[in-house]
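A structural walkthrough
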Amino acid sequence: MTQELTPYHKLVKSLSKDDIFERFPDVIPLERTTGEKRSDSDYEKTTDVVGSSSLFAGHDEEQIRLMAENCIVLDYNDIPIGSGTKKLCHIMKNIEKGLLHRAFSVFLFDSQNRLLLQQRADEKITFPQMWTNTCCSHPLCVPSELGFSMDSMNGTNIHSLDTAIRGVKSAAVRKLKHELGIEPEYVPASNFKFLTRIHYMSPSNGGWGEHEIDYILFVKSDGKVHANPNEVKAYKYVSAEELKEMFKCKDLKFTPWFKLICESYLFDWWKHINELDDCTSTTINRML
C-alpha cells in the first residue's frame, strides 16, 4: 500500500525548476555560477544584514561569514539547478516554501570499528551543541564539488548520481580537514563508500532549519583529530552499544538527521561495516 504524501512533501514534489527560480529570485542558475566558493556580492549581502537581522543576532562572526558560501540548490529529483547562499538555503521561511539543497553526512570508523562522533560547537548557527555523526555539511556549487572539472565538463553528465557522489566525496575531504583537522592523506576521496541518500526537513532554532538531500558516506581511518573549536565542541569514538546508551541519556541532544539515520539504517550497516556493497541504494529515501 502506497503511503500518502504529507502536504509539505506534495509541495516540494510539485515544484518545477521554473517554479523554484520564481519563488527564490536569489538562486543563481547553474549556468551562471562562477565556480568560486562564494561571490563578493553574496558575502556583502550576508554581512550587510548582520546588524539589522534578528537571524544573526548574537551569532559568531566566523559562522556568519560561512553563511555566504554557495550551496547546490536542487529540484525534487536531486538535479542541481543553481546555487544559493548557505543563509538563503537555511532560512526556515524559505524551507517552508520548498527550497532544497544538497548535503552529506560522513560516518568515520577507526580500525576498531568505533564511530567518531562530534558535538557541534556553541558557535554554530544551526543545531548548536548537539551530538551528531563525524561530519555533516554541504558540497559547494563549484565544479569539483558538483563532481566535474571545468576542463572535462563537455560530455560529462553533471546530473548523474556517479557525478554527484564524486562531488560530495571531494567536499567531505575538505570539511573533515576544516572541522576536525583530519589531513586529506588519511581520508582520500577514493576511500569513501557511498550508501544512500535521505531527503528530510527539520526546523532548528531562531528561524533556521534544514531541508536537504543528504548523501551518506562511510570511511575507515585512524587519522589524528585536531578539532576546530569554532566548529566542534567535543568529540569521541563510540561502539554501537555505547551510542545506544548515549541515546538513553535525556541530557544529550542529537541532530535530527543523525537520529533519522540511526533509527532507520546505522546499526544494521555497522554490523556489516566490512561488507557494505549489499547495503548501498540508489533510491532517495524520502523522510518528509
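Residues numbered from 1 in each chain as written. Predicted model: local features only at pLDDT ≥ 70, side-chain atom pairs only at ≥ 80, totals over all residues. Heavy atoms only, no water.

With 20 residues, helix H8 (residues 161-180) should cover 28 Å at 1.5 Å per step; its first-to-last C-alpha distance of 27 Å lies within 8% of that length. The buried fraction of H8 is high, at 14 of 20 residues. Remark: Gly181 follows H8 within two positions and exhibits a positive phi of approximately 65°. (Helix = DSSP H or I, 4+ residues; strand = E, 2+ residues; numbered from the N terminus. Expected span 1.5 Å × (residues − 1). Buried < 20%, exposed > 50% of the residue type's maximum accessible area, 1.4 Å probe, protein only.)

Turning our eyes to something else, we now look at the pairing of strand E5 (residues 115-120). With 6 of 6 residues buried, E5 is to be regarded as a mostly interior element. Along E5, one buried face is formed by Leu115, Leu117 and Gln119 and the opposite face, lined by Leu116, Gln118 and Arg120, is buried too. Pairing between E5 and strand E10 (residues 232-238): 6 bridges, direction antiparallel. Within the sheet, the bridge partner assigned to Leu117 lies in E10 and is Lys236. In the sheet, E5 pairs with strand E6 (residues 131-132) via 2 bridges, with the strands oriented antiparallel. Its bridge partner being in E6, Gln118 is matched across the sheet by Thr132. (Pairing = 2+ DSSP bridges.)

Regions with low pLDDT should not have their predicted coordinates read in detail. Within the chain, residue pLDDT values average 88, and 89% of them lie at 70 or more. Counted against residues more than four places away or in other chains, residues 35-52, with its pLDDT under 50, gives 32 contacts. (pLDDT = per-residue confidence, 0-100. Contact = heavy atoms within 4.5 Å.)

What follows deals with the packing of aromatic side chains. A complete count under the given rule lists 13 aromatic pairs for this structure. Ring centres 6.2 Å apart and planes at 35° place the aromatic pair Phe107 and Phe258 in the tilted group. You can see Phe107 sitting in strand E4 (residues 101-109) and its partner Phe258 sitting in helix H10 (residues 256-271), a full 151 residues away along the chain. No difference in accessibility class separates Phe107 from Phe258, as the two residues are buried. Overall, the relative accessible area of 0% leaves Phe258 in the buried class. By the ring-pair criterion, three or more aromatic residues cluster together here, those being Phe107, Phe109, Phe218, Phe247, Phe254, Phe258, Tyr265, Phe267, Trp269 and Trp270. Between the NZ or CZ atom of Lys244 and the centre of the ring of Phe267, over which it lies, the distance is 4.9 Å. Geometry around Tyr76 places Arg286 over its ring, the cationic atom sitting 3.7 Å from the centre. (Phe/Tyr/Trp six-rings, centres within 6.5 Å; stacked < 30°, edge-to-face > 60°. Lys NZ or Arg CZ within 6 Å of the ring centre and 35° of its normal.)

Turning our eyes to something else, we now look at the environment of Lys175. One can find Lys175 in helix H8. Using a relative accessible area of 5% as the deciding quantity, one classes Lys175 as buried. Taking the C-alpha atoms as reference points, Lys175 and Cys136, 39 residues apart in sequence, are found 8.4 Å from one another. Leave out the neighbours within four places in its chain, and Lys175 touches Phe104, Cys135, Ser137 and Leu180. Here the side chain of Lys175 touches His178 through a polar contact of 2.8 Å, side chain to side chain. (Polar contact = N/O pair within 3.5 Å; in protein donor to acceptor, adjacent residues only side chain to side chain.)

So, on to the pattern of salt bridges. For the structure shown, the criterion picks out 13 salt bridges. We note a salt bridge from Lys175 to Glu179, for which the minimum N-O separation is 3.9 Å. Taken as a pair, Lys175 and Glu179 lie in helix H8 at a separation of 4 residues, close to a single helical turn. A salt bridge links Glu245 to Lys248; the nearest nitrogen and oxygen atoms lie 3.1 Å apart. In this pair, Glu245 and Lys248 both sit in helix H9 (residues 240-248), 3 residues apart, roughly one turn of the helix. You can call Glu245 partly exposed: its relative accessible area is 47%. In this structure, a network of salt bridges that share partners links the residues Asp78, Arg102 and Arg197. (Salt bridge = Lys/Arg side-chain N within 4 Å of Asp/Glu carboxyl O.)

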